[in-house]
Amino acid sequence: MRKFEIVSGNFLQYGTKEIKIPFRATKNSAGYDFFSPIDTIISPNKIQLIWTNIKAEFNSSEVLMLFVTSKIGKNGVMIANGTGIIDADYYSNKNNDGNIGFLLYNFGSSDYKINKGDKIGQGIFMKFLTVDNEEEINETRVGGFGSTIKN
């Protein structure tokens, strides 16, 4: 099962109730388009986190990978860590209810303006594999953005 939902009321960012659920633009699109719920400007050499107010539920053997759109990319704005990775257990976590955020970095030399409703990225669901000789993992996610247990 895969689906997008709006995060619970107390985890909504920016006080907005007008939220676009991600969708595919064409029947052959791999990515689901995500939209900005705010107007913002990303200054050169700065990072801006944009919460989408969307969470995604999907199978434990899958990952949701986040990428910027080609329009944003050609203007020198990229996801700060290269590719966003959303694990299945991020959904409905206690810190932010699974609110998906796009952490954008402006590599350009001028401000980049994003308007409310602009497409800021796309998410692609993918299956992933694990090694056969992996020890059993009993740890569970306890937090939100950037909270995967670090060794």
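Now for a description of the structure that goes with this document. All values derive from a computational prediction rather than experimental measurement.

Right, let's get into the overall build of the protein. A count of helical and extended segments in the protein gives one helix and 11 strands. Its helices and strands in sequence order give the protein the pattern β-β-β-β-β-β-α-β-β-β-β-β, from N to C terminus. Taking 2.2 N^0.38 as the reference for a compact globule, 151 residues should give roughly 15 Å; the C-alpha atoms of the protein span a radius of gyration of 16 Å, in line with that estimate. Its C-alpha atoms put the protein at 50 × 35 × 30 Å along the principal axes. Scored against the burial criterion, the 151 residues of the protein give a buried share of 39%. In the protein, the proportion of contacts linking residues at least 24 apart, taken out of those at least 6 apart, comes to 78%.

This paragraph deals with the sheet that holds strand E11 (residues 119–127). The strands making up a sheet associate through hydrogen bonds between their backbones, and the pairing can be parallel or antiparallel. Ordered by their spatial adjacency, four strands build an open sheet running E2-E11-E6-E8, and the pairing between neighbours is antiparallel. The open sheet has two edge strands, strand E2 (32–35) and strand E8 (84–87), and neither has a second partner. Between one strand and the next, the sheet's axes are offset by a mean angle of 30 degrees, whatever the strand orientation. Bridging between strand E6 (residues 62–68) and E8 involves four bridges; their strand directions are antiparallel. Considered in E8, the bridge of Val63 is made with Asp87.

A sheet is described by the order of its strands in space; here three strands give the open sequence E4-E9-E7, paired in antiparallel fashion. The open sheet terminates on both sides in strands that have one partner only, identified here as strand E4 (47–51) and strand E7 (77–79). Within the sheet, the average angular offset between the axes of one strand and its neighbour, ignoring direction, is 30 degrees. Across five bridges, the pairing between E4 and strand E9 (residues 101–106) is antiparallel. Across the sheet, residue Gln48 finds its bridge partner in E9, namely Leu104.

Attention now moves to the side chain of Glu62. Its location among the elements puts Glu62 in strand E6. A distance of 2.5 Å separates the side chain of Glu62 from the side chain of Arg2, its partner in a polar contact. Excluding residues within four positions of it along the chain, Glu62 makes contact with Arg2, Ala88, Met126, Lys127 and Phe128.

Further remarks concern the side chain of Ser36. With respect to the helices, strands and loops of the structure, Ser36 is situated in the loop between E2 and strand E3 (40–42). A polar contact of 2.7 Å, which involves the side chain of Ser36, links it to the backbone oxygen of Ile38. Discounting residues that sit within four places of it in the chain, Ser36 has contacts with Ile50, Ile114, Asn115, Lys116, Gly117, Asp118 and Ile120.

This brings us to the pattern of salt bridges. Applying the stated criterion across every chain yields a total of seven salt bridges. Lys116 is the partner of Glu18 in a salt bridge, and the nearest nitrogen-oxygen pair spans 3.7 Å. Of this pair, Glu18 sits in the loop between strand E1 (3–6) and E2 while Lys116 is found in the loop between strand E10 (112–114) and E11, placing the two residues 98 residues apart along the sequence. When its relative accessible area of 38% is taken as the criterion, Lys116 is described as partly exposed. Its salt-bridge partner being Lys55, residue Asp97 comes within 3.0 Å of it at the nearest N-O pair. Remark: Lys55 occurs in strand E5 (residues 54–57) and Asp97 occurs in the loop between E8 and E9; sequence separation between them is 42 residues. For the pair shown, Asp97 and Lys55 are each scored as buried. Among the charged side chains, a salt-bridge network with shared partners connects Lys3, Glu5, Lys55, Glu57 and Asp97.

Basis of the calculations
Just so you know, the residues in each chain are numbered from 1, in the order the chain's sequence is written. Note on the predicted model: pLDDT of at least 70 is required for a residue's local features to be given, and 80 or more for side-chain atom pairs to be given and counted; whole-chain, interface and lining totals, by contrast, use all residues. Side-chain numbers come from the whole structure's heavy atoms, not from hydrogens or water. We count a stretch as a helix when DSSP gives it H or I for four or more residues in a row; a strand needs E for two or more, and each element gets its number in order from the N terminus. Every radius of gyration here is taken over C-alpha atoms, with the globule rule written as 2.2 Å times N^0.38, N being the number of residues. Here the term buried applies to any residue with accessible area under 20% of the maximum for its type, exposed to any over 50%, and partly exposed to those in between, with areas from a 1.4 Å probe on protein chains only. By definition in these notes, contact holds between two residues if any of their heavy atoms fall within 4.5 Å. At least two DSSP bridges between two strands are required for those strands to pair. The angle between two axes is taken between their N-to-C directions and runs from 0 to 180 degrees, where each axis is a line fitted to C-alpha atoms and a helix contributes only its stretch in contact. Pairs of N or O atoms are called polar contacts if they sit within 3.5 Å, as long as, within protein, a hydrogen donor faces a hydrogen acceptor (for residues adjacent in sequence, only side-chain-to-side-chain pairs). By definition, a salt bridge exists where a carboxyl oxygen of Asp or Glu is found within 4 Å of a side-chain nitrogen of Lys or Arg.

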